[in-house]
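The residues making up each chain are set out below.
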Amino acid sequence: MIRTVESQPPASAPVLAAYSYCEAVTGQQARNFAYGIRLLPTPKRRAMSALYAFSRRVDDIGDGPLANDVKVARLEDTRALLTRVRDGAVDEDDTDPVAVALAHAAEHFPIPLGGLDELIDGVQMDVRGETYETWDDLKVYCRCVAGAIGRLSLGVFGTEPGARGAERASEYADTLGLALQLTNILRDVREDAEGGRTYLPADDLAKFGCSAGFGGPTPPEGSDFAGLVHFEVRRARALFAEGYRLLPLLDRRSGACVAAMAGIYRRLLDRIERDPGAVLRGRVSLPGREKAYVAVRGLSGLDTRHLTRRTVRRRA
Ligand SMILES: CC(C)=CCC/C(C)=C/CC/C(C)=C/COP(=O)(O)OP(=O)(O)O
């Protein structure tokens, strides 16, 4: 039985310690998403931290220095751990705090754990060095590594009752994940190129004369790099607009969490749009005070009220 947040019994000491570990990982490593997660009430905040810590582990395997065959084996370990969580085979005395926290979260919230399998599938695509010919191809990858996180988060947030509401919420959460991931890809274009990875669709790169890639601080000779970036920014903005339709379907604090996460990434996108070359010179980021400001605006509904009103009018 899934218990509501209000009816959850107090967690035991080992479970609390496991959540503390996951919250520390989130606080230290989720440079952007921690601002949103902090806005949630305690049980949801802990559950989101458990999801973040598990996802961070999977991501770190993909991004780390290990040989590819070792990465594949480690990813299979995380999949086996997921199976144990799903089978109820992880108890609170387990030595892995991420497993303990995730098992507790999955017991108390209707988290569709298959989304974490999708995340592992996506990171396996990275390890195989897959590249993407078209946006439709890249979307498959983005759905695995980010859309799935949106859908998993929805299990923690909860949505309005009714199958139709849940189905729409899941589509919007998925789309918001795509918006965040495309923004992330634009921001990290140089870092990824230096690591031998290209995510942007090959047909877009060709259209703007960028097929040679981005190994250095300047665009490829003769390319229209700004044109490429503006093209992808427009695509990301359309995804944000669609994904924001999730907000009226969430309770206030879950909506604030999503608004903060998305708001911070939207501001990254604004900066990238203003100065496309910045993504080749270094990592575009927001100062901490600006992220905190976006989070406070999320809590008061300021960044999204107009979008929400428009959405409600469209639905009426
Ligand atoms: C409904 C809802 C909550 C949707 C959002 C889903 C979501 C949080 C997707 C994450 C995608 C993403 C860009 C991860 C990068 O994480 P990172 O830790 O590498 O990010 P960073 O480099 O910006 O710190």
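Here the structure is a predicted model, which is why all the values come from computation and not from measurement.

### Examining the packing of helix α4 (residues 68–86) against helix α5 (residues 97–108)
Contact geometry of α4 with α5 gives a least axis separation of 9 Å together with a crossing angle of 40°. Regarding the angle of α4 to α5, the classification is oblique. With respect to the hand of their crossing, α4 and α5 are arranged in right-handed fashion. Residue-level contacts link Leu81, Leu82 and Val85 of α4 to Ala99, Leu102, Ala103 and Ala106 of α5. Here the contact of α4 with α5 is composed, by residue class, of seven nonpolar, no polar and no charged.

### Quick look at the pattern of salt bridges
Evaluated as defined, the whole model comprises 29 salt bridges. Close ionic contact of aspartate 121 with arginine 79 constitutes a salt bridge, the shortest N to O distance being 2.7 Å. Separated by 42 residues along the polypeptide, aspartate 121 in helix α6 (residues 114–127) and arginine 79 in helix α4 bring together distant segments of the chain. The exposure class of aspartate 121 is partly exposed, given its relative accessible area of 32%. Linked through salt bridges whose partners overlap, the residues forming this network are Glu76, Arg79, Arg86, Asp117 and Asp121.

### Concerning α5
A rise of 1.5 Å per residue sets the reference length of α5, with its 12 residues, at 16 Å; its end C-alpha atoms lie 17 Å apart and thus fit the reference within 8%. With respect to burial, α5 is a largely interior element, nine of its 12 residues being buried. Its buried side turned inward, α5 meets α1 (13–29), α3 (42–63), α4 and α6.

### What about the site of the ligand?
Taken together, the neighbourhood of the ligand is formed by 19 residues, with Arg31, Asn32, Arg56, Arg187 and Tyr265 sitting nearest. The separation between an oxygen atom of the ligand and a polar side-chain atom of arginine 31 is 3.1 Å. One of the side-chain N or O atoms of tyrosine 52 is found 3.4 Å from an oxygen atom in the ligand. Contact with the protein chains hides 92% of the accessible area of the ligand, taken as 640 Å² for the molecule alone. The cavity that encloses the ligand is the largest pocket. Looking at the shell around the ligand, the elements with two or more residues in it are α3, α7 (135–157), α8 (163–187) and α12 (252–274). A class-by-class count of the residues in the shell around the ligand yields 10 nonpolar, five polar and four charged.

### Structural notes on the side chain of arginine 235
Here arginine 235 shows up in helix α11 (residues 225–243). Polar contacts involving the side chain of arginine 235 include one to the side chain of aspartate 204, which spans 3.0 Å. Not counting residues up to four positions away in its chain, the partners in contact with arginine 235 are Trp135, Leu182, Pro201 and Asp204.

### Let's talk about the packing of aromatic side chains
Centre-to-centre distance and the angle between the planes together describe a pair of aromatic rings. In total, this model carries six aromatic pairs according to the counting rule given. Judged by centre distance (5.2 Å) and plane angle (25°), the ring pair of tyrosine 141 and tyrosine 199 falls under stacked. Taken together, the residues tyrosine 141 in helix α7 and tyrosine 199 in the loop between α9 (189–194) and α10 (202–207) connect sequence positions 58 residues apart. The exposure class assigned to tyrosine 141 is buried, which follows from its relative accessible area of 4%. Through successive ring pairs, a cluster of aromatic residues spans Tyr132, Tyr141 and Tyr199. Across from the ring centre of tyrosine 35, 5.1 Å away, lies the NZ or CZ of arginine 38, which sits over that ring.

### Comments concerning the side chain of arginine 197
Relative to the helices and strands, arginine 197 is located in the loop between α9 and α10. Overall, arginine 197 belongs to the buried group, its relative accessible area being 19%. Beyond its immediate chain neighbours, meaning those up to four positions away, arginine 197 contacts Gly62, Asp63, Asp126 and Asp192.

### Re the nonpolar core
Within the largest apolar cluster, 99 residues are counted, with the highest numbers of intra-cluster contacts made by Phe54, Leu116, Phe225 and Phe240. Among the elements that take part in this core, α12 stands out by supplying 12 residues, more than any other.

### Some points on the state of the cysteines
A full pass over the atoms with the stated rule returns zero disulfides. Cysteine 142 carries a free sulfur, and the closest cysteine sulfur to it, the one in cysteine 144, is 9.3 Å from it. The class for cysteine 144 is buried, based on a relative accessible area of 11%.

### Notes on the environment of proline 14
Inspection of the secondary structure assignment puts proline 14 in helix α1. When the C-alpha atoms of proline 14 and alanine 101 are compared, they prove to be 9.2 Å apart, with 87 residues separating the residues in sequence. Ignoring sequence-local partners within four residues, the contact set of proline 14 consists of Glu92 and Val100.

### Describing the packing of α3 against α6
Between α3 and α6, the least distance of the axes is 9 Å, while the angle of their chain directions is 15°. With respect to α6, the axis of α3 lies roughly parallel. Viewed along their axes, α3 and α6 form a crossing whose handedness is right-handed. Where α3 abuts α6, its residues Leu51, Phe54, Ser55, Val58, Asp59 and Gly62 lie against Leu116, Leu119, Ile120, Val123 and Val127.

Thresholds applied
Residues numbered from 1 in each chain as written. Predicted model: local features only at pLDDT ≥ 70, side-chain atom pairs only at ≥ 80, totals over all residues. Heavy atoms only, no water. Axes fitted to C-alpha atoms, helices over the stretch in contact; angles between N-to-C directions. Helix = DSSP H or I, 4+ residues; strand = E, 2+ residues; numbered from the N terminus. Parallel < 35°, antiparallel > 145°, perpendicular 65-115°, else oblique. Left-handed = near helix turned anticlockwise from the far one by under 90°. Contact = heavy atoms within 4.5 Å. Nonpolar A, V, L, I, M, F, W, Y, C, P; charged D, E, K, R; others polar. Salt bridge = Lys/Arg side-chain N within 4 Å of Asp/Glu carboxyl O. Buried < 20%, exposed > 50% of the residue type's maximum accessible area, 1.4 Å probe, protein only. Expected span 1.5 Å × (residues − 1). Near = heavy atom within 4 Å. Polar contact = N/O pair within 3.5 Å; in protein donor to acceptor, adjacent residues only side chain to side chain. Areas by Shrake-Rupley, 256 points an atom, 1.4 Å probe, with all protein chains shown as cover. 1 Å grid on protein atoms, 1.4 Å probe; cavity = no way out; pocket = protein on both sides within 12 Å on 5 of 7 lines; lining within 4 Å. Sits in = over half its atoms within 2 Å of the grid points. Phe/Tyr/Trp six-rings, centres within 6.5 Å; stacked < 30°, edge-to-face > 60°. Lys NZ or Arg CZ within 6 Å of the ring centre and 35° of its normal. Core = buried A, V, L, I, M, F, W, Y, C linked by side-chain atoms within 4.5 Å. Disulfide = S-S within 2.5 Å.

Purely spatial values, then, with no claim about function.
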